[in-house]
Each structure stands twice: as structure tokens, then as C-alpha cells.
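Spelled out from the first residue to the last, the chains are:
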Amino acid sequence: ARTCPLRVFTMAEHVVVLDSGTDTVKAGFAGGGLDEKEPVLTTPSRAHVYPPGTAPAAGTAPGPQSGGVLACPLSRGAVDRWDVLEAIWHYCVFEQLGWIEGEEGGLMITCPLAWSRRDREVAAQIAFEGLNASSAFLADSGVCSLYSVGKVSGFAVDIGHGKIDVAGVSEGALCLAASETCPHNAGPDLEARLRASATPNLPSDEEGLRNLKEMCARCPVNDAEAKALDTGAVSGSTEYKLPDGRVFSVPNAVGMSLGADLYEPSRLGSGCSEADGDSLGRRIARLVLALPPEQRRQVYDNVVVCGGAHDIPGLKARLANDLKQYSPLSLPSSNVPGSGLPSANVPSTSSASASQVLTSLPEYLPRHLLGVSAFMGAAVSAKVSVWGQNQQITKAEYDEQGPRAASLKCGF
């Protein structure tokens, strides 16, 4: 884990932001993340769990040798083990960020699409009863991701290790009808695809395979490249040097197929439904129709690709091309039957252009922002919009209303 050094905090900064993903949990102080030199605590979303009374003594290394079982609290964005997630949150705020028992501050918790209202109420319960927070607020991850780049309307496409969330946001509010989680084309699925390829001499360890996947994956930028991939016309190979110095050669067709599988999960052959197998472009073009007509244009024309895999070569260009091609906002005469979307071989008359997908950040924003956009947006929102305007759940409100205060105060 990367740790944040202790320092003196103002009252406005004494709020900790917790952004929990399938692979890592990111934590830090509100309002302090837009400077590239400001560290953010990043710790794996894993913890060793021990039977009652068998936890190792202080200073003993955790692991199987001490009777512990490594547990992951989240799977594809959904929480399987709240007790494990609470232990990780406790480690972040008390052991790494310097909270002192009896002098706890506020908590800003981001919530992915997979979290139900009940999940959010459990998170609020942990915040107040488990971590003894003085105040708390729960915010939608997609809303925070857009907020981090100065937008209040648009689609946030969060490509994480365990899933892809496509969140439709209008005027700062999440529209559930225009949002979906894509669980079939996550990091582990692509790693399995790479392992099953005919590529010789792949890394035998999990970390090496993951690093190689992240380095070699690229997405076909248009239909011509996709067709070349499907017909076996992509040739050659590229060597990649892993952080530990090992070098592996991967056929270009294999690397491109990983990006194509990420973009269009139906290629994985995972048995998903037709809608679940939609490419990202077609998925967004379908979801925007769930919005009121007067909101569709401003949401469709602002697409932010974020998350750990946001910078896969070719992905944003492919998405921009498809959003223009499949735009339902100005339909041509020939449509795909029953879908409300233009046919793939008929150009759309929409005015949408490649500029609708955010491809570069303003100079005043740090280069790493899109990789941690939900955390960054939550950190700024907590200081400016929530605690700055007294919108948080107070301890007194929680004592009176219980966990449902999260639903009443945070607008779920």
C-alpha cells in the first residue's frame, strides 16, 4: 500500500474519502487530491481472515502459515464480505491516515452501480457504528467520476478490474434506467483468454500475467481493424518488458483480441444475453434512450472513460467512432429492427463527433486523474458540495433514523 504521511488538518480536510474497488481500495483526505504530489493511499482489496481466537500476535506476518485465509470482500463490484471490507476501511483510516479513537472525522464513501440501497445502508452502518465516524455521505461513483473533470451530465464508463460500469448522469443525478454494469468482460476474463491463447512462454504467475495483459491489450479503432482481426489478417508480434525485467513476446492479434473482447463482451462467448454482449458504443446508444428527450443530447455528448484500464490504446477512438455511427439522437431511415439503433452499415445523421469522448485533460488537472476519477471527484465534492454546504449525515441524524438515513439524506 502507498501511504499518506501524517500532517496537520483543517476541519474541512478532516474527512476521509473511501473508494472501494474489486482490486484496490483508495483512501485519502477530502480536497487534497488534485495535486499530483499529494499521495493517495492505495491498498489491495484483500485481507487475511482468521477463525475466532486464532489471529496472529502483533508483528507476526499474516498468511496461510499463520492460519489465515486471504479473502476478497468484493466480486465484480458487489460486496460479498462486509466484515472484510470493514476491516480494510478500519486499516485505512486508523492505521494509515491517522484517525484517533474518540476524535474520528467524517467519511465520504463512493458507491458503484452494483451496490443496492441495502448495501449503501450497510455501508452507512459501518461508518457510524463500526468506525465511529462523526458524519458521513455516500455518493455514486459515476457522478463523482464526471465531477472530477468538471462535468455534471454525461456517461461515465468506469473500466475496472472486476467489471465495467456505464453510468448515465444528468445534472448531477444518477439515472439508474440509463446505467448498467457489464460483468462479463473484466480483467480476470481477459487474463483467462490470454492464458488460453496459443501464445508460448506466458508468465506462470498471476501478477506477471496481469501485467502482460495490461501492456499488450489494444482495441481495434474501427470496423476495418476489427474485420482484419476476425479474418486473421493481423500479423507480427511485439515484445513487452515487465516491471521485474522479464521479456515476453505476444502476437499482435492476441493483444488486439483482448482489447476487442473488453470492448464487446459477446466475443468472449460467456453465454451473456444479447444486451449484455453489446459493445460499449451500442450500449451507450441504447441506454441514452431511457432518459427524457430533453436530457439525451447533453448526456450523450459527454462521455468520460475512466478507471484502471481507461488508457487502453484504441479504445477511446473506437468508442467515439461507434457513438457517432450508432447515435439514436438523429435517426436515419434504416434502423436495426427492434433496437431503435441505426444499422451498422448506414451512417448516422447525428451531429455527434469524436470530441464527445474525453480524450485529453486540461493542463491544470493531474495526468493520473482518470485512473482514480471516482476518488478524485468524491474528494472535491466532499469539501465543496457536501461538507461545504452541510449536506452530510450527522451523527445525531444517524442516531435518530438509523441506517435508512443514508437513503433519506443521500437521495437513493
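Residues numbered from 1 in each chain as written. Predicted model: local features only at pLDDT ≥ 70, side-chain atom pairs only at ≥ 80, totals over all residues. Heavy atoms only, no water.

(A) Looking closely at the overall build of the protein. Looking only at helices and strands, one finds 13 helices and 16 strands in the protein. Burial status across the protein gives 50% buried among its 412 residues. Counting contacts in the protein only where the partners sit at least 6 residues apart, residues at least 24 apart contribute 63% of the total. Accessible area for the protein stands at about 18,100 Å²; split by element, carbon and sulfur atoms hold 52% of it. (Helix = DSSP H or I, 4+ residues; strand = E, 2+ residues; numbered from the N terminus. Buried < 20%, exposed > 50% of the residue type's maximum accessible area, 1.4 Å probe, protein only. Contact = heavy atoms within 4.5 Å. Areas by Shrake-Rupley, 256 points an atom, 1.4 Å probe, with all protein chains shown as cover.)

(B) Molecular detail of unusual backbone geometry. The backbone phi angle of Arg 76 is positive, close to 50 degrees, even though this residue is not glycine. Considering the arrangement of structural elements, one finds Arg 76 in the loop between strand S6 (74–75) and strand S7 (78–79).

(C) The arrangement of the side chain of Lys 163 in detail. With respect to the helices and strands, Lys 163 occurs in the loop between strand S10 (154–159) and strand S11 (164–170). A polar side-chain atom of Lys 163 sits 3.2 Å from a polar atom in the side chain of Asp 165. In this structure, Lys 163 is in contact with Arg 76, Gly 77, Pro 112, Asp 158, Thr 181, Cys 182, Pro 183 and Ala 186, ignoring residues within four places of it in sequence. (Polar contact = N/O pair within 3.5 Å; in protein donor to acceptor, adjacent residues only side chain to side chain.)

(D) Representation of the layout of surface pockets. Its volume calculated, the largest pocket comes out at about 1,400 Å³. Listed by contribution, the elements that provide at least two residues to the lining of the largest pocket are strand S1 (15–20), strand S2 (24–29), S10, helix H4 (187–196), helix H5 (206–216) and helix H11 (373–386). The element contributing the most residues to the lining of the largest pocket is H5, with six residues. Its residues assigned to classes, the lining of the largest pocket shows 15 nonpolar, 17 polar and 16 charged. Elements represented by at least two residues in the lining of the second largest pocket include exactly helix H2 (117–130), strand S9 (135–140), helix H3 (141–148), strand S12 (173–182) and H11. Partitioned by chemical class, the residues of the lining of the second largest pocket number 15 nonpolar, eight polar and five charged. (1 Å grid on protein atoms, 1.4 Å probe; cavity = no way out; pocket = protein on both sides within 12 Å on 5 of 7 lines; lining within 4 Å. Points joined across faces, edges and corners; volume = space filled by probe spheres on them. Nonpolar A, V, L, I, M, F, W, Y, C, P; charged D, E, K, R; others polar.)

(E) Expanded view of the sheet that holds S12. What the four strands build is an open sheet, ordered S12-S11-S10-S15; its pairing is mixed. For this open sheet the edge positions go to S12 and strand S15 (303–306), each flanked by a neighbour on one side alone. Direction aside, the axes of adjacent strands within the sheet are offset by 15 degrees on average. Across six bridges, the pairing between S11 and S12 is antiparallel. (Pairing = 2+ DSSP bridges. Axes fitted to C-alpha atoms, helices over the stretch in contact; angles between N-to-C directions.)

(F) Up close: the pattern of salt bridges. All chains considered together, the criterion is met by 19 salt bridges. One salt bridge connects Arg 318 with Asp 223, and the closest N-O pair in it is separated by 3.7 Å. Taken together, the residues span a long stretch of sequence, with Arg 318 in helix H10 (residues 315–325) and Asp 223 in helix H6 (residues 223–230) at a distance of 95 residues. One continuous salt-bridge network, built from bridges that share partners, spans Asp 23, Arg 46, Arg 210 and Glu 214. (Salt bridge = Lys/Arg side-chain N within 4 Å of Asp/Glu carboxyl O.)

(G) Structural view of the sheet that holds S9. Pairing within the open sheet is mixed, and its six strands lie in the order S3-S2-S1-S8-S9-S16. Each end of this open sheet is capped by a strand with a single partner; those strands are strand S3 (41–44) and strand S16 (393–394). Here S1 pairs with strand S8 (residues 106–111) via four bridges, running parallel. Directly across from Val 16, in S8, lies its bridge partner Leu 107.

(H) Layout of H3. Counted residue by residue, H3 has seven buried out of eight residues, so it is predominantly covered. Positioned one or two residues after H3, Gly 150 has a phi angle of 80 degrees, which is positive.

(I) Spotlight on the packing of aromatic side chains. In this structure the tally under the stated criterion is four aromatic pairs. With 6.5 Å between their ring centres and 70 degrees between their planes, Trp 82 and Trp 89 make a pair best called edge-to-face. Aromatic side chains Phe 128 and Tyr 398 sit 4.6 Å apart centroid to centroid with 15 degrees between the ring planes, which places their arrangement in the stacked category. Placement of Phe 128 in helix H2 and of Tyr 398 in helix H12 (residues 395–401) is noted, with a sequence separation of 270 residues between them. Classification of Phe 128 by relative accessible area gives buried; the value is 1%. The structure contains a cluster of three or more aromatic residues connected by ring pairs, namely Trp 82, Trp 89 and Trp 115. For the cation-ring pair, Arg 282 lies above Tyr 326, with the distance from its terminal atom to the ring centre recorded as 4.7 Å. (Phe/Tyr/Trp six-rings, centres within 6.5 Å; stacked < 30°, edge-to-face > 60°. Lys NZ or Arg CZ within 6 Å of the ring centre and 35° of its normal.)

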